[in-house]
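Chain by chain, the residues:
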Amino acid sequence: MFDSFYHFLAKIGYGHPIHPTQVHMPIGLVVGALVFVLIAAVFRREKLEFTVRHCIILALIWAFPTILLGVMDWQYFYGGALLFPIKVKLVTAP
């Protein structure tokens, strides 16, 4: 189903799963939002609350392609098999 996409990536020299590289973006944005909200609360910087909101919105936007790429990687590299690590990820994922 996703073979053409992964064959294209292999042609340009990338043969690894994509999801692990993309997962850092929403995680980093949520951690950044936490840091900014703490700074805003401690130093009473109300304008940083807009930065927190922007970080959370970007994290939510980026989460959808990250989830899609995770499903694509699972289908392509594991054939959609419900292996134990996949079951753990499905249960523990937010």
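Because the structure is predicted, anything quoted here is derived from the model rather than measured.

Peer 1: Looking at this structure, how should I read the overall build of the chain?
Peer 2: Across its full length, the chain holds five helices and zero strands. Taken along the three principal axes of its C-alpha coordinates, the chain extends 50 × 30 × 15 Å. Considering only intrachain contacts with a sequence separation of at least 6, the fraction spanning at least 24 residues in the chain is 63%. Carbon and sulfur atoms make up 73% of the accessible area of the chain, which amounts to about 7300 Å² in all. A distance of 5 Å separates the average location of the 7 positive side-chain charges in the chain from that of its 4 negative side-chain charges.

Peer 1: Sorry, what's going on with unusual backbone geometry here?
Peer 2: The phi torsion of most residues other than glycine is negative, and most of the peptide bonds are trans. Even without being a glycine, R44 presents a positive backbone phi close to 55°. Summarising the element assignment, R44 is placed in the loop between α3 (24-43) and α4 (48-78).

Peer 1: Any chance you could explain the nonpolar core here in plain terms?
Peer 2: Nonpolar side chains in soluble globular proteins generally cluster together in the buried interior. Formed by F2, Y6, L9, I18, L69 and M72, the largest nonpolar core amounts to six residues. Not counting residues within four places of it along the chain, the set of residues in contact with I18 comprises F5, Y6, L9, L69 and D73. Counting five residues, the second-largest nonpolar core is a separate cluster that includes A33, V52, C55 and A59.

Peer 1: So what exactly am I meant to see when it comes to α4 here?
Peer 2: One full turn of an α-helix is made of 3.6 residues, so residues set three or four places apart face in the same direction. The terminal C-alpha atoms of α4 lie 43 Å apart, and with 31 residues this matches the ideal 45 Å at 1.5 Å per residue to within 8%. Along α4, the sharpest change in direction is near 25° and occurs at A63; proline P65 comes one to four residues later. Along α4, the residues classified as buried are V52, C55, A59, T66, L69, G70, M72, D73 and W74. Considering only its buried residues, α4 is in contact with α1 (3-11), α2 (19-22), α3 and α5 (84-92).

Peer 1: How do you make sense of α3 when you look at a structure like this?
Peer 2: The first and last C-alpha atoms of α3 sit 28 Å apart over 20 residues, in line with the 28 Å expected at 1.5 Å per residue. Within the sequence span of α3, burial applies to P26, L29, G32, A33 and A40. Along the long axis of α3, the arc covered by the buried residues comes to 120°, so they all point the same way. Exposed residues lying more than 90 degrees from the buried face of α3 are H24, I27, V42 and F43. Turning to α3, the residues buried within the fold contact α2 and α4. The positive-phi residue at the C-terminal boundary of α3 is R44, with phi of around 55°.

Peer 1: I would appreciate a short explanation of the packing of α3 against α4 in the present structure.
Peer 2: When two helices pack together, their arrangement is given by the angle between their axes and by how far apart the axes lie. Between α3 and α4, whose axes approach to 8 Å, the crossing angle comes to 165°. Between α3 and α4, the angle is such that the two are roughly antiparallel. Considering how the two elements wind past one another, α3 and α4 form a crossing that is left-handed. Mapping the contact onto sequence places M25, P26, L29, V30, A33, F36, V37, I39 and A40 in α3 and L48, E49, T51, V52, C55, I56, L58, A59, W62, A63 and T66 in α4. For the contact of α3 with α4, a count of residues per class yields 17 nonpolar, two polar and one charged.

Peer 1: Before we go on, may I ask you to explain the side chain of D73 in this structure?
Peer 2: You can see D73 is positioned in helix α4. It turns out D73 is buried and unbridged, and the closest side chain with the opposite charge, K89, is 8.9 Å from it.

Conventions adopted
- Numbering of residues starts from 1 in every chain and runs along the sequence as written.
- Given that the model is predicted, a residue must reach a pLDDT of at least 70 before its local features are reported, and side-chain atom pairs must reach 80 or more before they are shown or counted; all residues, however, enter totals for whole chains, interfaces and linings.
- Hydrogen atoms and water are omitted, and side-chain values are computed over all heavy atoms in the structure.
- Helical segments are the DSSP runs of H or I of at least four residues, strand segments are the runs of E of at least two, and each set is numbered from the N terminus.
- Any pair of residues with heavy atoms lying within 4.5 Å of one another is described as a contacting pair.
- Throughout, the Shrake-Rupley method with a 1.4 Å probe supplies accessible areas, and for residues the shown protein chains are the sole cover considered.
- Charge convention: Lys and Arg are scored as positive, Asp and Glu as negative, and His as well as the terminal groups of each chain are ignored.
- Charge coordinates come from a single atom per side chain, which is NZ of Lys, CZ of Arg, CG of Asp or CD of Glu.
- Residues belong to one nonpolar core when they are buried, are Ala, Val, Leu, Ile, Met, Phe, Trp, Tyr or Cys, and are joined through side-chain atoms within 4.5 Å.
- Think of it in three bands: with a 1.4 Å probe and only protein chains considered, a residue is buried below 20% of the maximum accessible area for its type, exposed above 50%, and partly exposed in between.
- A helix's residues, less one, multiplied by 1.5 Å, set its expected span.
- Across the chain, bend at a residue is computed as the angle between axes fitted to the seven residues ending at that point and the seven starting from it.
- Arc definition: directions from the helix axis to the C-beta atoms.
- In this description, a line fitted to the C-alpha atoms serves as the axis of each element, helices being fitted only across the stretch in contact, and the angle between N-to-C directions of two axes falls anywhere from 0 to 180 degrees.
- What sets the label is the angle itself: under 35 degrees gives roughly parallel, over 145 gives roughly antiparallel, 65 to 115 gives roughly perpendicular, and the rest give oblique.
- Note on convention: near helix rotated counterclockwise from far helix by under a right angle means a left-handed crossing. Clockwise means right-handed.
- Here the nonpolar group is Ala, Val, Leu, Ile, Met, Phe, Trp, Tyr, Cys and Pro; Asp, Glu, Lys and Arg are the charged ones; every other residue, Gly included, is treated as polar.
- The term salt bridge refers to a pairing of a side-chain nitrogen on Lys or Arg with a carboxyl oxygen on Asp or Glu at a separation within 4 Å.

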